[in-house]
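# Survey of secondary and tertiary structure
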Amino acid sequence: MFAAPPVDRAAMAAKVRAEFLHSWKAYEQYAWGHDELRPLTKQPRDWYGQSLLMTPVDSLDTLILMGFDNEAQKAKTLIVDRLSFDKDIDVKVFEVTIRLLGGLLSGYQLTGDARLLHLADDLGARLLPAFNTPTGMPYMYVNLRTGKTSGARSNPAEIGTLILEFGTLSKLTNKPVYFEKAKRAIVELYKRRSKIDLVGEEIDVETGAWVSKASHVGGGIDSYYEYLLKCSRLFGDKDCESMWKTSIAALNKHLADEAPTGLWYGEVDMDSGKRTSSEFGALHAFLPAVLVMSGDVKRGRRLEESCFRMWTLRGIEPEVLDYRTMTIKHAGYQLRPEIIESAWYLHRATHDDRYLMMGQTFFDSIVAHCRTEAGYTTLKSVVTMEKSDLMPSYFLAETLKYLYLLFAPDAAMNMDKVVFNTEAHPLRRTW
Ligand code: DMJ
């Protein structure tokens, strides 16, 4: 179950690269021009009935990073020739921002091709109506052609995970409106925190009232915290820095849970701080990376050990676990990257080979259980290891990129001027 030391980094980087190519070639063969591939049935999947080229846009910077020059050129040509946002579809503002806007911006910064920036600007403009609410916090959906909005019930992640992409777009186009809208959204959300500095799970963007007061660091909230810190890093934004400091202190005080099974971050009521659940899952595993980035290597290390325990419980991590009883609550594995991302940040900060061992363990189990003839697929259950039928675009954007970066020479990515968005698109501080 555990990879045996020592880990041969060069050999592992080559293996990850080969598996990326296996996945990309399957996409090319069976789903070219569509959003995503269903690897078992070898069919394409489009999120909204028509393609927004999710996989090519999400994969472009990984193709470049891994040195697949021909494939990158072909993907870029597909994007600039075929991608149009003039579509009568209601899209999720958050997903389209982190995957498409993020991918177009990093693609532009890596290639210098102004057509990618033009596409990003067009997409950004079409998303702007989402911010037209009484509170300034965006609706969940916007129609790309008409600007019609919907989805007043939103959550911190969808409201607060826009500022890296919108802010970068402002810097690159000299149009301040993008940064201003996204900044107001994250500030308005923060303003509605409880007296003990926590946010809940669901909020009405028209009234500003909380719909769910469950406070945790999992899905629906996770990347709001990530972006508070990263916004301060990428833009030197002092408000975000101060919002991050207040928030992480509250998380460490109220959510951190010293259980017999290790350090975890559970769920509490945002007003009282009373513990409501001891659930933790694959999405929560982004937190070690963010703790490390903020300088808290000690907590980052301890939490990653807990995450690794979650992974090795069945040989691959479940979507959700009860860490007090170590029982699985949601048994699926969605090919998620977070635990690997955290291992990479920890390895960069500590140079401890343990994180290479973890990385090899992650890679070996993903290959053992998720590989198919046509790319990689999610699992219905990490207990039965029954396969589902989807290769999410973030598997190519994030999961394999972070695995590659963990094993590749450190020089492959100079982190001084780069901040990764939550979909692993490197945004460069060129301004
Ligand atoms: C990705 O789209 C992003 O990492 C997002 O922040 C969370 N969900 C997936 C990966 O798990």
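What counts and what doesn't
- Counting starts from 1 at the beginning of each chain's written sequence and moves along it residue by residue.
- Only residues with pLDDT of 70 or above have their local features reported here, since the model is predicted, and side-chain atom pairs are shown and tallied only from 80 upward, although totals for entire chains, interfaces and linings are computed over all residues.
- The side-chain numbers reported here are obtained from all heavy atoms of the structure, hydrogens and water having been left aside.
- Paired strands, as defined in this entry, are two strands with at least two bridges between them according to DSSP.
- Strands are runs of DSSP state E lasting at least two residues, helices are runs of H or I lasting at least four, and both sets are numbered from the N terminus onward.
- For each residue, the test is whether any non-hydrogen atom lies within 4 Å of the molecule or strand; if one does, the residue is near.
- Here a polar contact is recorded for every N or O atom pair within 3.5 Å, except that within protein the pair must consist of a potential hydrogen donor and a potential acceptor, and residues adjacent in sequence are included only if both atoms are side-chain atoms.
- Where accessible areas are quoted, they stem from the Shrake-Rupley method and a 1.4 Å probe; at the residue level, only the protein chains shown are allowed to cover.
- The residue classification treats Ala, Val, Leu, Ile, Met, Phe, Trp, Tyr, Cys and Pro as nonpolar and Asp, Glu, Lys and Arg as charged. All others, Gly included, are polar.
- A helix is expected to span 1.5 Å multiplied by its residue count minus one.
- Think of it this way: the bend at a residue is just the angle between two axes, each fitted to seven residues, one set ending at that residue and the other starting at it.
- Throughout this description, buried means an accessible area under 20% of the type-specific maximum (1.4 Å probe, protein chains only), exposed means over 50%, and partly exposed covers the range between.
- One speaks of a salt bridge when a side-chain nitrogen belonging to Lys or Arg is within 4 Å of a carboxyl oxygen belonging to Asp or Glu.
- Lines fitted to C-alpha atoms define the axes here, with helix axes fitted over just the stretch in contact, and angles between the N-to-C directions of these axes take values from 0 to 180 degrees.
- Here a crossing is called left-handed whenever its near helix is offset anticlockwise from the far helix by less than a right angle, and right-handed whenever the offset is clockwise.
- Note on contacts: a residue pair qualifies if any of its non-hydrogen atoms lie within 4.5 Å across the two residues.
- Side-chain rings of Phe, Tyr and Trp, where Trp is taken by its six-membered ring, are said to pair if the distance between their centres is within 6.5 Å; with planes under 30 degrees apart they count as stacked, over 60 as edge-to-face, and otherwise as tilted.
- Only Lys NZ and Arg CZ are tested; either one counts as a charge over a ring when it is within 6 Å of the ring centre and within 35 degrees of the ring normal.
- Note: domain ranges come from an automatic or database domain assignment.
- Note on definitions: buried area is the accessible-area loss of two parts on being combined, 1.4 Å probe, summed for both.

### Topic: the sheet that holds strand β12 (residues 267-269)
- If you trace the 3 strands from one edge of the open sheet to the other, you get β9-β12-β13, paired in antiparallel fashion. Each having just a single partner strand, β9 (214-215) and β13 (275-277) make up the two edges of the open sheet.
- Taken together, the 2 bridges between β12 and β13 define a ladder with antiparallel strand orientation. Of the residues in β13, the one forming a bridge with V268 is R275.

### Some details on the site of the ligand
- In the vicinity of the ligand, the residues found are I98, R99, L283, R336, P337, E338, Y394, E398, T422 and E423.
- Contacts to the ligand include R336, whose side-chain N or O atom sits 2.8 Å from an oxygen atom.
- Contact between the ligand and E423: an oxygen atom at 2.6 Å from a side-chain N or O atom of the residue.
- In isolation the ligand offers 290 Å² of accessible surface; the protein chains occlude 92% of this area.
- Those elements giving two or more residues to the shell around the ligand turn out to be α4 (93-111) and α15 (393-407).
- Looking at the shell around the ligand residue by residue, the class counts come to 4 nonpolar, 1 polar and 5 charged.

### Looking at α4
- The end-to-end C-alpha distance of α4, which contains 19 residues, comes to 25 Å, matching closely the 27 Å that a straight helix rising 1.5 Å per residue would cover.
- Along α4, the helix axis deviates most sharply at G102, where the bend reaches about 25 degrees.
- Extensive coverage of α4 is indicated by the burial of 16 of its 19 residues.
- Remark: G112 follows α4 within two positions and exhibits a positive phi of approximately 75 degrees.

### Describing the pattern of salt bridges
- Considering all chains together, one arrives at 38 salt bridges under this definition.
- Put simply, E158 and K92 hold a salt bridge, and the shortest N to O gap is 2.9 Å. With E158 in helix α6 (residues 156-160) and K92 in strand β3 (residues 90-92), this residue pair connects regions lying 66 residues apart in the sequence. In this structure, E158 and K92 share a single accessibility class: buried.
- Between R336 and E319 there is a salt bridge, with the nearest N and O atoms lying 2.9 Å from each other. Pair noted here: R336 is in the loop between β16 (327-330) and α13 (338-350) and E319 is in the loop between α12 (297-314) and β15 (320-322), with a separation of 17 residues, a long-range link. Take R336 and E319: they sit in the same class, and that class is buried.
- Several salt bridges converge on common partners, so that one network encompasses E36, R45, E95, R99 and E423.

### Overview of the pairing of strand β11 (residues 262-265)
- Two strands pair when backbone bridges link them, and strand β10 (residues 256-259) and β11 are joined in this way by 4 bridges, in the antiparallel orientation. Considered in β11, the bridge of D257 is made with W264.
- Turn length for the β10-β11 hairpin, with the two strands adjacent in sequence and antiparallel, is 2 residues.

### Some remarks on the packing of helix α1 (residues 9-31) against helix α3 (residues 69-82)
- Between α1 and α3, the least distance of the axes is 12 Å, while the angle of their chain directions is 35 degrees. Of the two possible hands of crossing, α1 and α3 adopt the one that is left-handed. Facing α1, whose interface residues are L21, W24, K25 and E28, α3 presents E71, K74 and A75.
- Partitioned by chemical class, the residues of the contact of α1 with α3 number 3 nonpolar, no polar and 4 charged.

### Some remarks on the packing of aromatic side chains
- Following the criterion strictly, the structure yields 20 aromatic pairs and no others.
- Between F20 and F68, the ring centres sit 6.1 Å apart and the planes meet at 10 degrees, which makes this aromatic pair stacked. Taken together, the residues span a long stretch of sequence, with F20 in helix α1 and F68 in the loop between α2 (54-65) and α3 at a distance of 48 residues.
- By relative accessible area, F68 is classed as buried at 7%.
- Centroid distance W24 to W32: 6.2 Å. Interplanar angle 85 degrees. Geometry classified as edge-to-face.
- Since its relative accessible area comes to 0%, W24 is described here as buried.
- An aromatic cluster of three or more residues is present, and its members are F308, W311, Y333 and F362.
- When the ring centre of W32 is taken as reference, the NZ or CZ atom of K74 above it lies at 4.9 Å.
- One residue, R193, lies across the ring of Y190, its end atom 4.0 Å from the ring centre.

### With respect to the environment of Q360
- Its place among the elements puts Q360 in helix α14 (residues 354-370).
- Along the primary structure Q360 and I340 are separated by 20 residues, whereas in three dimensions their C-alpha atoms are 9.9 Å apart.

### Structural notes on the sheet that holds strand β8 (residues 210-212)
- Across the sheet, 3 strands lie side by side as β6-β7-β8; this open sheet has antiparallel pairing. Strand pairing shows two members of the sheet lacking a second neighbour, β6 (153-154) and β8, which therefore form its edges.
- Summarising the sheet, β6 and strand β7 (residues 202-204) pair through 2 bridges and their orientation is antiparallel. Paired with S154 across the strands is I203, a residue of β7.

### Quick look at the domain arrangement of the chain
- Along its sequence, the chain is carved into domain 1 (1-48 + 278-425) and domain 2 (84-256).
- In this structure, domain 1 and domain 2 have C-alpha centres spaced 24 Å apart.
- Contacts between domain 1 and domain 2 engage 23 residues on the former and 27 residues on the latter.
- Between domain 1 and domain 2 the total buried area reaches about 2,200 Å² when both faces are included, carbon and sulfur atoms providing 67% of it.
- Linking domain 1 to domain 2 there are 2 salt bridges.
- Note that E36 is salt-bridged to R99, the shortest N-O span being 3.7 Å.
- Linking domain 1 to domain 2 there are 9 residue pairs in polar contact (both at pLDDT 80 or more).
- Its residues assigned to classes, the side of domain 1 that touches domain 2 shows 12 nonpolar, 6 polar and 5 charged.

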